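If you want the building blocks of each chain, they are given just below.
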Amino acid sequence: MSLTFPNRSRSYDEAGKRIRFVGHDGMFQISFSVSADAISEAPPGTPGAEATYLAAFDTASGPIHDVASKAYARTRRSIYVLTAADFA
């Protein structure tokens, strides 16, 4: 099976400064996080940063899902943290 992203839910993890989202490979759920600095230049901890990060994620969800799919295809783990280096 291939990785899909049927659930559009995402959430901001303040402690990790990243956006969390999930993909599915058949019945298996794969957890992903993308570091906030990889998708937005808003400084962490500023008022409205969470909304800015979530909006940036929504805008770039297609490319983010592409990078997530490529990472999953390489190693097939159950948890991934994507950083700016993954988008280079």
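Reading the values: rules and limits
By convention here, each chain's residues receive numbers from 1 onward along its written sequence. Owing to the predicted nature of the model, reporting of local features is limited to residues with pLDDT of at least 70; listing and counting of side-chain atom pairs is limited to 80 or more, with chain, interface and lining totals taken over all residues. With hydrogens and water stripped out, all remaining heavy atoms of the structure feed into the side-chain values. Comment: elements are numbered from the N terminus, with helices defined as DSSP H or I runs of at least four residues and strands as E runs of at least two. Partly exposed describes any residue whose relative accessible area lies between the buried limit of under 20% and the exposed limit of over 50%, with all areas from a 1.4 Å probe on protein chains only and scaled to the type maximum. In short, DSSP must find at least two bridges between two strands for them to pair. To pair, rings of Phe, Tyr and Trp, with the six-membered ring standing in for Trp, must have centres within 6.5 Å; the planes then decide the type, stacked if under 30 degrees apart, edge-to-face if over 60, and tilted in the middle. Salt bridges are defined by distance alone: a side-chain nitrogen of Lys or Arg within 4 Å of a carboxyl oxygen of Asp or Glu.

It is not clear to me how unusual backbone geometry should be interpreted in this structure. Could you clarify?
A negative phi angle is the norm for most residues apart from glycine, just as the trans form is the norm for most peptide bonds. The phi torsion at K17 lies on the positive side, around 55°, for a residue other than glycine. Examined against the element boundaries, K17 turns out to sit in the loop between strand 2 (11–13) and strand 3 (18–25). Take K17: its relative accessible area is 30%, and that puts it in the partly exposed class. Although it is not a glycine, R76 sits at a positive phi angle of roughly 50°. Mapped onto the secondary structure, R76 falls in the loop between helix 3 (61–75) and strand 5 (79–82). Accessibility expressed as a relative area gives 47% for R76, which makes it partly exposed.

Can you help me understand the pairing of strand 3 in this one?
Looking along a regular strand, one sees the side chains alternate between the two faces of the sheet. Counting buried positions along strand 3 yields six of eight residues, so the element is predominantly enclosed. With two bridges joining them, strand 1 (residues 3–4) and strand 3 adopt antiparallel strand pairing. Bridge pairing in strand 3 places T4 opposite H24. Across eight bridges, the pairing between strand 3 and strand 4 (residues 28–35) is antiparallel.

Where do I start with the packing of aromatic side chains in this structure?
Each aromatic ring pair is summarised here by two numbers: the centre-to-centre distance and the angle between the ring planes. Inspection of every chain in the model, using the stated rule, returns seven aromatic pairs. Measuring from ring centre to ring centre gives 5.2 Å for Y12 and Y53, while their planes differ by 40°; the resulting arrangement is tilted. Taken as a pair, Y12 in strand 2 and Y53 in helix 2 (residues 49–59) lie far apart in primary sequence, 41 residues in all. No difference in accessibility class separates Y12 from Y53, as the two residues are buried. With 6.2 Å between their ring centres and 75° between their planes, Y72 and Y80 make a pair best called edge-to-face. Classification of Y72 by relative accessible area gives buried; the value is 6%. By relative accessible area, which is 3% here, Y80 ends up buried.

Just checking my understanding: could you explain the pattern of salt bridges for this structure?
Any two side chains of opposite charge can pair if their charged atoms end up close together. Here the structure, examined in full by the defined rule, presents four salt bridges. With a closest N to O distance of 2.7 Å, D58 and R10 form a salt bridge. Of this pair, D58 sits in helix 2 while R10 is found in the loop between strand 1 and strand 2, placing the two residues 48 residues apart along the sequence. The exposure class assigned to D58 is partly exposed, which follows from its relative accessible area of 40%. D13 is paired through a salt bridge with R20; the nearest N and O atoms lie 2.7 Å apart. Taking the relative accessible area as the measure of exposure, R20 reaches 41% and is therefore partly exposed.

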